[in-house]
Amino acid sequence: MNDDLRKELKQQLNQLSITYEFSVEQLVAFFQLVLSDWRTVENCPNYEIHSVTNVIRNRKTHRILKPNNCGHVRLKTKEGLDYFLKQGVGGLDVSYL
């Protein structure tokens, strides 16, 4: 990436952070989250887990599931049984999503 492009990108990120009231770091984390890979949770085909943050979402609606007080989310297996899985965030603050 050349210096002019890098400078322009930095300016655009700064403008976005002002417009949406997020820090540049939060915007970068959000872009990584959006662009990263999601994989299906084993035995729970209606849910996907993010490869970087371990955040779990509904596969059809793309809604991120809210964890309970212990940090677990409830999923339904193929057989219709409840399955609790720890939703890890790996140090990334996704509370603004």
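No experiment lies behind these values; they were computed from the predicted model shown. Within any chain, residue numbers begin from 1 and follow the written order of that chain's sequence. Note on the predicted model: pLDDT of at least 70 is required for a residue's local features to be given, and 80 or more for side-chain atom pairs to be given and counted; whole-chain, interface and lining totals, by contrast, use all residues. Computation of side-chain values: all heavy atoms of the structure, hydrogens and water removed.

Looking only at helices and strands, one finds 2 helices and 5 strands in the protein chain. Put simply, DSSP marks the helices as runs of H or I at least four residues long and the strands as runs of E at least two long, and each gets a number from the N terminus on. Counting from the amino terminus, the protein chain carries its helices and strands in the arrangement α-α-β-β-β-β-β. Here the term buried applies to any residue with accessible area under 20% of the maximum for its type, exposed to any over 50%, and partly exposed to those in between, with areas from a 1.4 Å probe on protein chains only. In the protein chain, which comprises 97 residues, the proportion classed as buried is 26%. Here a residue-residue contact requires only that any non-hydrogen atoms of the pair lie within 4.5 Å. Counting contacts in the protein chain only where the partners sit at least 6 residues apart, residues at least 24 apart contribute 27% of the total. Values of accessible area rely on a 1.4 Å probe in the Shrake-Rupley scheme; residue burial ignores everything except the protein chains shown. Only carbon and sulfur atoms are counted for the fraction: they give 51% of the accessible area of the protein chain, which is about 7,300 Å².

A word on the sheet that holds strand 3 (residues 56–58). Across the sheet, 3 strands lie side by side as 1-2-3; this open sheet has antiparallel pairing. Taken across any chain shown, the strands that pair with only one partner, and hence form the sheet edges, are strand 1 (38–41) and strand 3. Put simply, the sheet's adjacent strands are angled 40° from each other on average, direction ignored. Strand pairing is assigned whenever DSSP detects at least two bridges linking the two strands. Relative to strand 3, strand 2 (residues 44–50) runs antiparallel, the two being bridged by 3 bridges. Of the residues in strand 3, the one forming a bridge with isoleucine 49 is isoleucine 56. The convention used is that axes are lines fitted to C-alpha atoms, helices contributing only their stretch in contact, and that angles between N-to-C directions extend from 0 to 180 degrees.

Attention now moves to the nonpolar core. Counting residues in hydrophobic clusters, the biggest one holds 9 residues: Val41, Cys44, Tyr47, Ile49, Ile56, Leu65, Val73, Leu75 and Leu85. Secondary-structure elements contributing two or more residues to this core are strand 2 and strand 4 (72–76). Broken down by element, the residue count for this core peaks at 3 residues, all from strand 2. Beyond its immediate chain neighbours, meaning those up to four positions away, isoleucine 56 contacts Tyr47, Glu48, Ile49, Arg63, Ile64, Leu65, Val73, Leu75, Leu85, Lys86 and Gln87. Residues belong to one nonpolar core when they are buried, are Ala, Val, Leu, Ile, Met, Phe, Trp, Tyr or Cys, and are joined through side-chain atoms within 4.5 Å.

Next up on the list: helix 1 (residues 3–20). What a helix should span is 1.5 Å times the count of its residues minus one. Here helix 1 spans 26 Å end to end across 18 residues, near enough to the 26 Å set by a 1.5 Å rise per residue. Of the residues flanking the end of helix 1, it is glutamate 21, one or two places downstream, whose phi is positive at about 55°.

Attention shifts here to the confidence of the model for the protein chain. The pLDDT score gives, residue by residue, the confidence of the prediction method on a 0 to 100 scale. A residue-level look at the protein chain finds 90% of positions with pLDDT of 70 or above and a mean pLDDT of 83. Ranking the elements of the protein chain by mean pLDDT puts helix 2 (residues 24–35) last with 79 and strand 3 first with 93. Taken together, the stretch residues 90–97 has pLDDT below 50 and engages in 14 contacts with residues farther than four places along the chain or on a different chain.

The backbone of glutamate 21 shows a phi angle near 55°, a positive value even though the residue is not glycine. Residue position: glutamate 21 is located in the loop between helix 1 and helix 2. The exposed category is assigned to glutamate 21, whose relative accessible area is 71%.

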